Amino acid sequence: DLSISHRKGVTVREDEEYERAREEAEEAGRTAEERARAEAERLKQDVLTGSMKQEVVRQQGLIYGGLILIGLYMVQPFLTAPSLDVSAKVSIIAFSVAIPLLAALVVVNRQEAFRGRLTPSVTVTVARVVAQGAAFVGIVAGFWHITWVAGVTFLAAGFVAVGIHSAGYMRLEGTQEPTS
């Protein structure tokens, strides 16, 4: 059962028990990794259950609709302007990306509300990021068109607002007692 081989001056001892133990350890590692992934997915699903999923869907719908409304109001004066400066053009282009994506997300949001669950689509997740980012750029550029101070102020206030939202969300959801 035992075999000894010499490789580059080093004696290596290999036997069936060692090989079997190594394979069992690898299998145990794979099994543990699969269990950990399954548990992580279960916990992720548990975070957004019942009324929490409904609230996320409601908030997303509010965000999408609000950004569309802001975009329409901000773009409107540029439609009849005889000429546009760079910041106005940036605002128009950003909203030309954001508004159709936000409209599509409103439709997806209604389907999510109807089904009572969030879509796992990567395409929808990317569209959310692009749409909201483009809307933010459009708003900043629109304020910048009025005066650069307003643009910078909105930009800074936007980052502070994200921090406030994140801190509030984490404090509310992180300290929540598990429900049974």
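To be clear, the structure that these remarks concern was listed above.
Here we summarise the structure given alongside this text. (Residues numbered from 1 in each chain as written. Predicted model: local features only at pLDDT ≥ 70, side-chain atom pairs only at ≥ 80, totals over all residues. Heavy atoms only, no water.)

Topic: the overall build of the protein
Filter applied, for reference: Here a strand is any run of E in DSSP of at least two residues, a helix any run of H or I of at least four, and the numbering for each starts at the N terminus. Think of it in three bands: with a 1.4 Å probe and only protein chains considered, a residue is buried below 20% of the maximum accessible area for its type, exposed above 50%, and partly exposed in between. Accessible surface is estimated by sampling points in the Shrake-Rupley manner with a 1.4 Å probe; for residues, cover comes only from the protein chains shown.
Across its full length, the protein holds 5 helices and 2 strands. Shown N-terminal to C-terminal, the secondary structure of the protein runs as helices and strands in the order β-β-α-α-α-α-α. Within the span of the protein, comprising 180 residues, buried residues form 20% of the whole. A total of about 13,100 Å² of accessible surface is found on the protein, and carbon and sulfur atoms cover 64% of it.

Side note on the nonpolar core
Quick note on the threshold: To form a nonpolar core, buried Ala, Val, Leu, Ile, Met, Phe, Trp, Tyr and Cys residues must be joined to one another through side-chain atoms within 4.5 Å. The criterion used for residue contact is that any of the two residues' heavy atoms lie within 4.5 Å.
Counting 15 residues, the largest nonpolar core has L67, F95, A98, L102, L105, A135 and I139 as its most contacted members. Elements with a minimum of two residues in this core: α2 (51–79), α3 (86–115) and α4 (122–146). Ranked by the residues each element gives to this core, the list is headed by α4, at 6 residues. The residues contacting L102, other than those within four sequence positions of it, are Y64, L67, I68, A131 and A135.

Focus on the packing of α3 against α4
Heads up, the condition is: Interaxial angle, 0 to 180 degrees, is taken between N-to-C directions of lines fitted to C-alpha atoms, where a helix line uses only the stretch in contact. For any pair of crossing helices, the crossing counts as left-handed if the nearer helix is rotated counterclockwise from the farther one by less than a right angle, and right-handed if it is rotated clockwise.
Running from amino to carboxyl end, α3 crosses α4 at an angle of 145°, the nearest separation of the two axes being 7 Å. Considering the relative orientation of α3 and α4, their crossing is left-handed.

Here we look at the pattern of salt bridges
Formally: When a carboxyl oxygen of Asp or Glu lies within 4 Å of a side-chain nitrogen of Lys or Arg, that pair is called a salt bridge.
Applying the stated criterion to the full structure yields 3 salt bridges. Two residues, E27 and R30, come together in a salt bridge whose shortest N-O distance is 2.9 Å. On the criterion of helical spacing, the pair formed by E27 and R30 is a turn pair, its members being 3 residues apart in helix α1 (residues 16–47). On the accessibility criterion, R30 (42% relative accessible area) is partly exposed.

Examining the packing of aromatic side chains
Just so we agree on the cut-off: The aromatic pairing rule takes the rings of Phe, Tyr and Trp, using the six-membered ring of Trp, and pairs them if the centres are within 6.5 Å, calling planes under 30 degrees apart stacked, those over 60 edge-to-face and the rest tilted.
Under the definition given, this model contains 3 aromatic pairs. Note on F136 and F154: the rings are 5.6 Å apart at their centroids and 35° apart in plane angle, and the pair reads as tilted. Placement of F136 in helix α4 and of F154 in helix α5 (residues 148–174) is noted, with a sequence separation of 18 residues between them. Relative to F159, the ring of F136 lies with its centre 6.1 Å away and its plane at 65°, an arrangement referred to as edge-to-face. You can see F136 sitting in helix α4 and its partner F159 sitting in helix α5, a full 23 residues away along the chain. Here F136 falls in the partly exposed class, since its relative accessible area comes to 24%. Residue F159 is classed as exposed on the basis of its relative accessible area, which comes to 57%. Joined through ring pairs, the aromatic side chains of F136, F143, F154 and F159 make up one cluster.

Overview of a nonpolar patch on the surface
To keep it simple, the criterion reads: Residues enter patches when their relative accessible area tops 30% and they take part in no salt bridge; the joining distance is 9 Å for like charges and 5 Å for the nonpolar side chains Val, Leu, Ile, Met, Phe, Trp and Tyr.
There is a patch of nonpolar side chains on the surface, built from V97, V122, V126 and V130 and spanning about 310 Å² of accessible area. By residue number, the principal contributor to the nonpolar patch is α4, which donates 3 residues. Locating V130 in the fold gives a position in helix α4. In this structure V130 comes out as partly exposed when scored by relative accessible area, which is 38%.

Describing the packing of α4 against α5
When two helices pack together, their arrangement is given by the angle between the helix axes and by the axis-to-axis distance. Spelled out, the test is: Angle categories are assigned with fixed cut-offs, so that under 35 degrees is roughly parallel, over 145 is roughly antiparallel, 65 to 115 is roughly perpendicular, and the rest are oblique. Gly counts as polar in this scheme, as do all residues outside two lists: the nonpolar Ala, Val, Leu, Ile, Met, Phe, Trp, Tyr, Cys and Pro, and the charged Asp, Glu, Lys and Arg.
Two numbers describe how α4 lies on α5: the axes approach to 6 Å, and their chain directions differ by 150°. With respect to α5, the axis of α4 lies roughly antiparallel. Between α4, through F136, I139, V140, F143 and W144, and α5, the contact on the second element is made entirely by W148, A150, G151, V152, F154, L155 and G158. Looking at side-chain class alone, the contact of α4 with α5 contains 10 nonpolar, 2 polar and no charged residues.

Purely spatial values, then, with no claim about function.
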